[in-house]
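As a plain string of letters, each chain reads:
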Amino acid sequence: MQDKSRDLYFIAIIPPRPLLDEIRVIKERFRDRFGAGHALKSPAHITLQMPFKRSSSGEGMIAATLRKFAMAERGFRVILDGYGAFPPRVIYVKIADPDPVRSLHRRLREILLSELDFCQEEIMEEIKPHITVATRDLSKTAFSEAWPEFREKQFTGHIDVSSIFLLKHNGSHWDILMEFKFR
């Protein structure tokens, strides 16, 4: 039974508007051509902390902790380069060098454990940074049709990462709740 008194959140890097819109168009293509629209339920993002449940009364503490964390971080650039897949259902935009994102995740992980009382099971041990464009509702048949096409497609871009975001599920999709800017 789902606990209704707790809300669902996650923490991510979100690209700036032009890239956000460009990736949304790709997600819409997956919905229109392959019937896979689940990825449209959230803005394009690189997940830093998978969805977790907390009481909305704790949002202030989460925000204060993430604000303090972000103020100690320095910006960096993420280069997007082509497409990748987690067969048999996920296609994503690849990140050329995931190490800066992984380092950010490790530092965030420590703060979540020490200051927000997350338990080990709530936090991803390691992440594979990427931006999902088609996910769980992409059928295996549609995946086998789409992946050969997208494996060869070019996608280039970059994100100058200067903040992290807290997102909250509203019952049907994810909304950006707060942005935490780096120093």
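Everything below is about the structure shown above.
Attention in this report is confined to the structure presented alongside it. The structure presented is a predicted model; accordingly, all values stated were derived computationally and were not measured.

Basis of the calculations
- Residues numbered from 1 in each chain as written.
- Predicted model: local features only at pLDDT ≥ 70, side-chain atom pairs only at ≥ 80, totals over all residues.
- Heavy atoms only, no water.
- Pairing = 2+ DSSP bridges.
- Helix = DSSP H or I, 4+ residues; strand = E, 2+ residues; numbered from the N terminus.
- Axes fitted to C-alpha atoms, helices over the stretch in contact; angles between N-to-C directions.
- Contact = heavy atoms within 4.5 Å.
- Expected span 1.5 Å × (residues − 1).
- Buried < 20%, exposed > 50% of the residue type's maximum accessible area, 1.4 Å probe, protein only.
- Arc of directions from axis to C-beta.

Thoughts on the sheet that holds strand E2 (residues 46-54)
Each strand in a sheet pairs with its neighbour through backbone hydrogen bonds, running either in the same direction (parallel) or in the opposite one (antiparallel).
Right, so step 1: Pairing is antiparallel in the open sheet, where four strands are placed in the order E2-E1-E7-E8. At either end of the open sheet lies a strand with only one pairing partner, and these are E2 and strand E8 (174-181). The mean angle between the axes of side-by-side strands here comes to 20°, regardless of whether they run parallel or antiparallel.
Right, so step 2: Note that strand E1 (residues 7-13) and E2 share six bridges and pair antiparallel. Of the residues in E2, the one forming a bridge with Asp-7 is Arg-54.
Right, so step 3: Helix-sheet contacts for helix H2 (residues 59-71) involve E1, E2, strand E7 (163-169) and E8, and the interaxial angle to E8 is about 45°.
Right, so step 4: Here helix H3 (residues 99-115) sits on the sheet in contact with E1, E2 and E7, set at roughly 20° to E2.

Here's the deal with helix H1 (residues 17-34)
Right, so step 1: Here H1 is 18 residues long and its end C-alpha atoms lie 25 Å apart, about the 26 Å a rise of 1.5 Å per residue gives.
Right, so step 2: Three or more residues of H1 are buried, namely Leu-19, Leu-20, Ile-23, Ile-26, Lys-27, Phe-30 and Phe-34. For H1, the angular spread of buried residues about the axis comes to 125°, placing them on one side. Along H1, exposed side chains directed more than 90 degrees from the buried face belong to Arg-17, Pro-18 and Asp-32.
Right, so step 3: Close packing links the buried residues of H1 with strand E3 (76-86), strand E4 (90-95), strand E5 (130-134), helix H4 (140-152) and strand E6 (156-161).
Right, so step 4: Just past H1, the residue Gly-35 takes up positive phi, approximately 70°.

Considering the environment of Ser-163
Right, so step 1: With respect to the element layout, Ser-163 can be found in strand E7.
Right, so step 2: For Ser-163, a relative accessible area of 6% gives the class buried.
Right, so step 3: For Ser-163 and Ala-12, which are 151 residues apart along the polypeptide, the C-alpha to C-alpha distance reads 9.1 Å.
Right, so step 4: Non-local contacts of Ser-163, meaning those with residues more than four positions away in its chain, are made with Glu-179, Phe-180, Lys-181 and Phe-182.

Shape is all these values report; function is a separate question.
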